[in-house]
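# Residue-level structure breakdown
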Number of protein chains: 2
Amino acid sequence: MSRNEFICDCNVIHQEVVNDTLRKMPEQDVFNKIAEFFKIIGDTTRTKILFALDNNEMCVCDIANVLSMSKSSISHQLGTLRRSGIVKCRRQGKEVYYMLDDEHVKQVFEIAKEHIEHKK
Amino acid sequence: MSRNEFICDCNVIHQEVVNDTLRKMPEQDVFNKIAEFFKIIGDTTRTKILFALDNNEMCVCDIANVLSMSKSSISHQLGTLRRSGIVKCRRQGKEVYYMLDDEHVKQVFEIAKEHIEHKK
DNA sequence: ATTATAGTTGAATATCTATTCATTTGTCAA
DNA sequence: TTGACAAATGAATAGATATTCAACTATAAT
């Protein structure tokens, strides 16, 4: 039996709504990418890093000091943010300076703050 | 002198930038809530549910059919979304209808799509 | 009351992930 | 070259979480 053959454990109750929705649903790949984007920024450490970088570009040691965390941990997180195209970096001597590389991050943060204010 | 010398494993390189950033950083609680919001929508299943509900309110069975997943799994995820104030529901007879309860979700999805398009 | 259906919920499990630790790479200066 | 420092990286671990399974509640129909 094909492992793609999936039987749902309940009946369709509103067939028209389901069919209409299925027609309008984007491809799996779109959902994966959108969820991935939010997963990346949905972490307290990474959120702090992005806020910090919104003010200035900073080297890893500076970010580690601002967040009171180890260089290694910050470096791992910066790697994640870089691979996702949310930050970029430039090396200058022994230091590597990180900066935001996405104009959308600030926008979604503003909306998130509205959401939080609204739900108080 | 430095308030970080016992916490962080490296020196502050740019003291002024660090101090300036520390002054501008919001409270821990703000970061927790923002990250939590993105964590909630940063999951493929929940992203799909929110997209589906953007078209119509739907009962649990319908959503389970649209996503080809079990009722239980969908119900768990709907509980998460409900507790976060992102969806709400109403009972009608044996069925429980879910709908979006946040005007910000659609906005952040639009921005996320722009991000994804831009990074191709 | 009994039965069937829709949905919820707690526990268990398997997977994922953030941080730590140890090591390595890259750069500069002596 | 050697030493010092910034940063990156791989492996290991501990904690978080998505789904499944089984049991349960709620509602409606007979």
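Please refer to the structure placed before this passage.
The structure presented is a predicted model; accordingly, all values stated were derived computationally and were not measured.

## Considering the state of the cysteines
Residue and element names in this part refer to chain A.
- This model, assessed by the stated rule, comprises zero disulfides over all chains.
- Here cysteine 59 stays free of any disulfide, with the sulfur of cysteine 61 as its closest cysteine sulfur at 5.6 Å.
- Since its relative accessible area comes to 1%, cysteine 59 is described here as buried.

## Description of the relation of the copies chain B and chain A
- Taken as rigid bodies, chain B and chain A are interconverted by a rotation of 180 degrees and an axial shift of 0.0 Å, the fit giving an RMSD of 0.1 Å. The transformation just described matches what one would write down for a two-fold rotation axis.
- In this assembly, 97% of the residues forming the interface of chain B have copies in chain A that are likewise at the interface, indicating an isologous arrangement.

## Structural notes on the protein's contact with DNA strand D
- What surrounds DNA strand D is a group of 25 residues, the closest being Ser72, Ser75 and Tyr98 of chain A together with Ser72 and Gln77 of chain B.
- For DNA strand D, the backbone makes up 65% of the atoms found within 4 Å of the protein, where backbone means sugar plus phosphate.
- At 2.8 Å, a side-chain N or O of histidine 76 of chain A approaches a base oxygen of DNA strand D.
- Taking valine 96 of chain A, its main chain carries an N or O atom lying 3.0 Å from a phosphate oxygen of DNA strand D.
- Secondary-structure elements contributing two or more residues to the surface near DNA strand D are α4 (60-67), α5 (71-83) and β3 (95-100) of chain A together with α3 (44-55) and α5 (71-83) of chain B.
- When grouped by side-chain class, the residues that make up the surface near DNA strand D number seven nonpolar, 10 polar and eight charged.

## Here's the deal with the packing of aromatic side chains
- Taken as a whole and judged by the stated rule, the model has nine aromatic pairs over all chains.
- Measuring from ring centre to ring centre gives 5.2 Å for phenylalanine 51 of chain A and phenylalanine 109 of chain A, while their planes differ by 35 degrees; the resulting arrangement is tilted. A residue pair is termed long-range when its members are at least 10 positions apart, and phenylalanine 51 of chain A in helix α3 (residues 44-55) and phenylalanine 109 of chain A in helix α6 (residues 104-118) qualify at 58 residues.
- Three or more aromatic residues link up through ring pairs in this structure, and these residues are Phe31, Phe37, Phe38, Phe51 and Phe109 of chain A together with Phe31, Phe37, Phe38, Phe51 and Phe109 of chain B.

## Brief notes about the side chain of aspartate 102 of chain B
- Relative to the assigned elements, aspartate 102 of chain B resides in the loop between β3 (95-100) and α6 (104-118).
- Reaching out from aspartate 102 of chain B, the side chain makes a polar contact with the backbone nitrogen of valine 105 of chain B at a distance of 3.3 Å.

## A few points about the interface of chain B and chain A
- The interface of chain B with chain A comprises 69 residues on the first partner and 68 residues on the second.
- Both sides together, the interface formed by chain B and chain A hides about 5,900 Å², and carbon and sulfur atoms give 68% of it.
- Here chain B and chain A share zero salt bridges between them.
- At 11 residues, the largest contribution of residues to the side of chain B that touches chain A is made by α6 of chain B.
- A class-by-class count of the residues in the side of chain B that touches chain A yields 32 nonpolar, 20 polar and 17 charged.

## Details of the protein's contact with DNA strand C
- Near DNA strand C lie 25 residues; those nearest to it are Ser72 and Gln77 of chain A together with Ser72, Ser75 and Tyr98 of chain B.
- In the interface set of DNA strand C, defined as its atoms within 4 Å of the protein, sugar plus phosphate atoms amount to 63%.
- Histidine 76 of chain A has a polar side-chain atom sitting 3.2 Å from a base oxygen of DNA strand C.
- Separating a phosphate oxygen of DNA strand C from a side-chain N or O atom of tyrosine 98 of chain B is a distance of 2.4 Å.
- Those elements that place two or more of their residues in the surface near DNA strand C are α3 and α5 of chain A together with α4 (60-67), α5 and β3 of chain B.
- Classifying every residue of the surface near DNA strand C by side-chain character gives seven nonpolar, 10 polar and eight charged.

## Topic: the sheet that holds strand β1 (residues 58-59) of chain B
Residue and element names in this part refer to chain B.
- Taken in spatial order, the three strands make up an open sheet running β1-β3-β2, and their pairing is antiparallel. Each edge of the open sheet is held by one strand with a lone partner, namely β1 and β2 (87-92).
- Pairing between β1 and β3: two bridges, direction antiparallel. Paired with methionine 58 across the strands is tyrosine 98, a residue of β3.

Basis of the calculations
Residues numbered from 1 in each chain as written. Chains lettered and ligands numbered in written order. Predicted model: local features only at pLDDT ≥ 70, side-chain atom pairs only at ≥ 80, totals over all residues. Heavy atoms only, no water. Disulfide = S-S within 2.5 Å. Buried < 20%, exposed > 50% of the residue type's maximum accessible area, 1.4 Å probe, protein only. Least-squares fit on C-alpha atoms with pLDDT ≥ 70 in both. Contact = heavy atoms within 4.5 Å. Near = heavy atom within 4 Å. Polar contact = N/O pair within 3.5 Å; in protein donor to acceptor, adjacent residues only side chain to side chain. Helix = DSSP H or I, 4+ residues; strand = E, 2+ residues; numbered from the N terminus. Nonpolar A, V, L, I, M, F, W, Y, C, P; charged D, E, K, R; others polar. Phe/Tyr/Trp six-rings, centres within 6.5 Å; stacked < 30°, edge-to-face > 60°. Buried area = accessible area lost by both parts, 1.4 Å probe. Salt bridge = Lys/Arg side-chain N within 4 Å of Asp/Glu carboxyl O. Pairing = 2+ DSSP bridges.

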